[in-house]
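Chain and residue survey
Next come the chains, spelled out residue by residue.
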Amino acid sequence: MIELEGLPELVDPVLIAAFEGWNDAGEASSGVIAHLESEWKAEPLIALDPEDYYDFQVTRPIVEMGDGLTRSIVWPTTRLSLARPPGFERDVVLLRGIEPNMRWRGFCDEIVGIAHELGIELTVMLGALLNDSPHTRPVPIVGSATDEGLARSINLELTRYEGPTGIVGVLQHAFGAAGLRAVSLWASVPHYVAQPPNPKATLALLRRVEDVLELPIPLGDLVEESRAWENGVDELASQDTEVAEYVKELEERKDAAELPEASGDAIAAEFERYLRRRDHDPGDQ
């Protein structure tokens, strides 16, 4: 177990976590953590020992060049950082890791133990999966929660998925078994444009994190990057008749399945976000 002495005392902290790899189509979920680390100027807090959970022949360390001929090794691991968002009365712990290669139960026990030590009672788990959703429509966000009230409060569409899972699913289950509230948010990334990054999916996940925290999050360049990404995919699709027809078919299928009440919920949620942003920074009006 990591030595936790000397860490700062946190104020009602919430944990936001994402893992690279199987759980991170288009690097959408890890992109959220990277964005928050930058926008909130997060400071390093804890790093897990990579020897315990990673096969270095599968997930290899990276060599980086420093000044002159100096080289350093960056080991694959899971790191936690601390952010104190302006205007927010809670601290935020950001977890960004690579899905471990082994000892998942021990890994989850260690993360849950750290959460207990830091006083974390709510965790937001992020993931992204490949799906047959069209890139021209809003990014679907589904998920699950250990707390039904939490799921209802953010109008979360609960998934009925059964099948193979990744570390996000296992860790959420471990949090729930330990009596901690946890919610997972999954973005659907179009399988025909799977290469990272996918700023549109990252932006969609960020907006749902806003709903959980009830805090407006600085979006930086993500809105513009999302538009540019969609325009770029539009242009590529227009050059291939088969792809264009497939996208049109997905759009028609999506539009036919869209329920009026679901659209109303989306409009209401977006209006609530607008009000939070206006109240948080009235100078922007």
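What you are looking at is a predicted structure, and each value in this text was computed from that prediction instead of being measured. (Residues numbered from 1 in each chain as written. Predicted model: local features only at pLDDT ≥ 70, side-chain atom pairs only at ≥ 80, totals over all residues. Heavy atoms only, no water.)

In the contact formed by helix H1 (residues 28-39) and helix H5 (residues 199-213), the axes pass within 8 Å of each other and the chain directions differ by 65°. On the basis of the axis angle, H1 is roughly perpendicular to H5. With respect to the hand of their crossing, H1 and H5 are arranged in right-handed fashion. In this structure, H1 contributes Ala-28, Ser-29, Gly-31, Val-32, His-35 and Leu-36 to the contact, and H5 contributes Ala-201, Thr-202, Leu-205 and Leu-206. Here the residues of the contact of H1 with H5 are counted per class, giving six nonpolar, four polar and no charged. (Axes fitted to C-alpha atoms, helices over the stretch in contact; angles between N-to-C directions. Helix = DSSP H or I, 4+ residues; strand = E, 2+ residues; numbered from the N terminus. Parallel < 35°, antiparallel > 145°, perpendicular 65-115°, else oblique. Left-handed = near helix turned anticlockwise from the far one by under 90°. Contact = heavy atoms within 4.5 Å. Nonpolar A, V, L, I, M, F, W, Y, C, P; charged D, E, K, R; others polar.)

Moving on, we get to the packing of aromatic side chains. Within this structure, the stated rule accounts for four aromatic pairs. Aromatic pair Tyr-53 and Phe-107: ring centres 5.2 Å apart, planes at 85°, arrangement edge-to-face. Here the residue Tyr-53 occupies a position in the loop between strand E2 (43-47) and strand E3 (62-65), and Phe-107 occupies one in helix H2 (residues 104-118), the gap between them amounting to 54 residues. With a relative accessible area of 6%, Tyr-53 lands in the buried category. (Phe/Tyr/Trp six-rings, centres within 6.5 Å; stacked < 30°, edge-to-face > 60°. Buried < 20%, exposed > 50% of the residue type's maximum accessible area, 1.4 Å probe, protein only.)

Cis rather than trans, the peptide bond between Pro-196 and Pro-197 has omega equal to -5°. Residue position: Pro-197 is located in the loop between strand E10 (181-190) and H5.

In terms of burial, strand E7 (residues 122-131) is largely enclosed, as seven of its ten residues are buried. Relative to E7, strand E1 (residues 14-20) runs parallel, the two being bridged by five bridges. By the bridge assignment for E7, Ala-17 is matched with Met-125. With ten bridges connecting them, E7 and E10 associate as parallel partners. Note that in E10 the partner of Ala-128 across the bridge is Ala-187. (Pairing = 2+ DSSP bridges.)

One pass over the full model with this rule turns up eleven salt bridges. Two residues, Arg-96 and Glu-20, come together in a salt bridge whose shortest N-O distance is 3.9 Å. In this pair, Arg-96 is assigned in strand E6 (residues 92-98) and Glu-20 in strand E1, connecting sequence segments 76 residues apart. Glu-20 sits in the partly exposed class, given a relative accessible area of 31%. Arg-253 is paired through a salt bridge with Glu-249; the nearest N and O atoms lie 2.9 Å apart. Of this pair, Arg-253 and Glu-249 both sit in helix H7 (residues 241-257), separated by four residues, roughly a single helical turn. Each member of the salt-bridge network shares a partner with another, and the members are Glu-20, Glu-37 and Arg-96. (Salt bridge = Lys/Arg side-chain N within 4 Å of Asp/Glu carboxyl O.)

To continue, consider the side chain of Glu-99. With respect to the helices and strands, the residue Glu-99 is situated in the loop between E6 and H2. No salt bridge is formed by the buried Glu-99, whose closest oppositely charged neighbour, Arg-105, lies at an N-O distance of 14 Å. Among the polar contacts made by the side chain of Glu-99, one reaches the main-chain amide nitrogen of Ile-167 at a distance of 3.0 Å. (Lys, Arg positive; Asp, Glu negative; His and termini not counted. Polar contact = N/O pair within 3.5 Å; in protein donor to acceptor, adjacent residues only side chain to side chain.)

Distances and angles like these do not, on their own, reveal function.
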